[in-house]
Structures are given as structure tokens and as C-alpha cells.
Amino acid sequence: RTCLICGMETPSCHLGVDACRACTVFYRRAKKGKPYACRSNTRKCALIAESGVDCKGCRFDRFERILRDSGAKELESSQWERDPPSHAVVGTRKTAPASVPNLRKLQEHSSSVNGTSCSFPSAFSPVSQDRSERPIIDKCKTFYKVFCSMRRTCELASRPSGPHPIEITEEEFPLYPATYAALNAAAKMALASILDFAASMFPEFAALLTKEERWHLAVTFFYRFHVFESCYRAEKIFPDHMDRAFGSYTCYYTRENVERFFDDMPVKPAAKTLEEAKKCMRDFLERLGTPGRGAIHRAAPDNDEFHAILVVLFWFTEGTQVREEIVHIADGYRAAVLQELQSYYRDVLGICDYAKRVGELFMLVLHFARNADIKEHFEIIRLLGIFTDESFIYQLQKDC
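This is a predicted model, so every value here is computed, not measured.

1. Focus on the sheet that holds strand β2 (residues 245-246)
The mixed open sheet is built from three strands, whose spatial order is β1-β3-β2. The sheet is open, and its two edges are formed by β1 (176-177) and β2, each paired on a single side.

Below, the structure is given as C-alpha cells:
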């Protein structure tokens, strides 16, 4: 395809028309700033195929006119409406064919709360001129908050003797020792919430991936995210108890409450089997929980860094069997988050030498991206007869 704005070749469309990513990113940023003046003061600057449109004013006008003519996207602000240039538009088509459903789905999911754009630059895109912008990290903050609210409400409301509804909506909601039945139910709630989170956070997730691919990414992320968030929240809530970690959003582990962990099992196993299962649980906490708490304690990620890591963990495709297109999407998001982190360190925190800090964060990603130990733990529990083949939390590890 040929970009109708700059004339360069493009492998994909944006905003429902044949527009390359560079022109789309330029257009979205330009709409938030002051209007550009035409370099020739004619509004008729020529299109040069080798270098695109040199004049920013005419480049923006061209994009506005194509969107207006195609009806692909309603203009959001009348202050940007200008007289269209008189020169002909170079290109083969004005709009993307209506028979491509993925583009329409992508357009429907391409905006979020407060109009924040979901698109991301490639690894070769320049850093935004407005270096205070962190659209992906800011979006993650918004949707992660909804994600947490869904889990908190569902987990507390489903407890047999749960708190009063007014307590569920308050900031200081009750926390409970983790149990077998509570975690099995919480896993279902978490997966449903992850699927909603991903569909809202990443437009490509809902528009371009199959049902099976969405499930595979969600389950893989669940294991990585579960341990990472568990240790991160425990570091905030239980700073003086390094042996604690969260089993779900409202339930926490300690070595001591492992004794009561299996009390609500539907079928009680033999005493010897139960003791073996408890020992396995303690080993699990020792191997994953304690090192995870230590990693979080040493790195001490702040709120922006935490959400940046969430995005990277979701699109961490190394060691997984996914299509090349998904790998390309993942590379794009990782590159974009890295740019936003650089902007955050440089312009918000005033740190110029941030390479070491970025390296620390990506080592943290690698620490929590491993899920082989978790799968091994669940397999041992199943072999002991604690998790049956029908247990939801065991089914997850077979889909990972």
C-alpha cells in the first residue's frame, strides 16, 4: 500500500485509511498542539515521494482532508479545520476496503479514556517532541486500576461470609489468608479480568488475534504477572514481613497459614498426602516468593516503572510459540515503553544516565518472566492428588 499522506509504502492502515504509522503519529500529536504554518504560505506544498511532505502544515491538511472525504473518523476539533489544499492526492485508494473487518475493529478499539491514543511508535520512530507524554504507561495506570477493582469486588463478594458491600468499595478492604478454594475461584476472576484489561489496553489484542491466541497470551501473562504483582503489592503492604506474598488480590500467603491452606478442599486427601502437599507449598514460597520479594526490594520500582513492566511482561514473547505478526506487535510495544521510560527519567526525574536503571528493570522482567517453576509446582500438587484434572488452576498450566 501507499500512504495517501506522504506517498511512502506502508504495510498497514491507520484510522481507517491508507496512512503510514509515521504520518498517523504526527497527526495525533499535531492535533494536541498549536496549528502549523505553511512553509510557502500557499497551503499547496508539493508531495515529494523521496521525503514525503516537508511542510508540516500541508502534511496535517492532507491528513484532515483525506479523513473528511473518507468519513473514516469524525474531526474532533473545529479549530483544526482548514481549507483543503488544491493539489491532487497521490495514492491508489482513498479508504481501506470495507471488507477488512480487522481494520474496523482496530478503529473501534483505538481510543481510550480521555482520548489517549493506543498506537505505538516503532523502534525506529523518534521520541515525541512533547517529552512529558507517556500514553502507554498512563493508559496502563487507568486500566490496571479497573483491573484491580474487578478482582477486588468479585473476590470479596464471592466469599461465603464476605464483608459488607460498603467495605468492598473502600480503599482499606479486608485481606484474608489464602486457601485452596479461594485461589481456585480467584484464578477464574483474574483471567476474565486480564482478557478485559488486554482488550481495553491493546487494540491489536481484540482486533488482530484469534480467540486461541488471546487465551494463550492471557494465560502466559497470568503466571508472570501473578508472581510479579504479588511480590510488588506485598512489598508495599507488608514491608516488614518478607515471607509474605499475595495469592490473589485479597488473599495472602505466609509459611504459617499453609497449615490451613487445604482446609476448604471439596475432598480431603489422606493425612500423609496432605503433609506432602503442605511441604510442597512451603518450598514453593521459599523458591519463588522470597526471591521475588528480594528482587522487588532491591529494584524498588516506582509506580510508572511498575506499569511499564506490566506492559513488557504482557508482550514478553521469548520462549513462546506465536505468530511473527504478534512478535512484531510485541517488539513495537517494548520499544515504545522504553522510549517512555527514557522520557520519564530524563524530563520528570532529571536523570541523564538512566541506562543502568533501565537495565535493572529489564533484569526484573527476566526474573518474573520465568514460569517453569510454577508449572512444575502445580504438576507436583496434581500428582499428589490435591489438584484434579478438572481444577481450573491446574488447567491453566497446561494452556501456558
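2. A few points about the packing of helix α4 (residues 135-157) against helix α8 (residues 211-237)
Axis separation between α4 and α8 bottoms out at 15 Å; the angle between their running directions is 90 degrees. What the angle tells us is that α4 and α8 run roughly perpendicular. Here Tyr 144, Phe 147, Cys 148 and Arg 151 of α4 come into contact with α8, specifically with Phe 225, Glu 229 and Arg 233. Within the contact of α4 with α8, the residues separate by chemical class into four nonpolar, no polar and three charged.

3. Points about the packing of helix α10 (residues 303-314) against helix α11 (residues 324-348)
Interhelical geometry of α10 versus α11 gives an angle of 170 degrees and a closest axis separation of 9 Å. The angle between α10 and α11 places the two elements in the roughly antiparallel class. The segment α10 lies against α11, with Asp 304, Glu 305, Ala 308, Val 311 and Val 312 engaging Tyr 333, Arg 334, Val 337, Leu 341, Tyr 344 and Tyr 345.

4. Let's talk about the nonpolar core
Grouped together as the largest cluster of nonpolar side chains are 77 residues, with contacts concentrated most on Phe 202, Phe 228, Val 311 and Trp 315. Excluding residues that lie within four positions of it along the chain, Val 311 makes contacts with Ile 136, Cys 140, Met 201, Phe 202, Tyr 333 and Val 337. Of all hydrophobic cores here, the second largest spans 16 residues; its members include Leu 15, Ala 19, Ile 66 and Leu 67.

About the criteria used
Residues numbered from 1 in each chain as written. Predicted model: local features only at pLDDT ≥ 70, side-chain atom pairs only at ≥ 80, totals over all residues. Heavy atoms only, no water. Pairing = 2+ DSSP bridges. Helix = DSSP H or I, 4+ residues; strand = E, 2+ residues; numbered from the N terminus. Axes fitted to C-alpha atoms, helices over the stretch in contact; angles between N-to-C directions. Parallel < 35°, antiparallel > 145°, perpendicular 65-115°, else oblique. Contact = heavy atoms within 4.5 Å. Nonpolar A, V, L, I, M, F, W, Y, C, P; charged D, E, K, R; others polar. Core = buried A, V, L, I, M, F, W, Y, C linked by side-chain atoms within 4.5 Å. Buried < 20%, exposed > 50% of the residue type's maximum accessible area, 1.4 Å probe, protein only.

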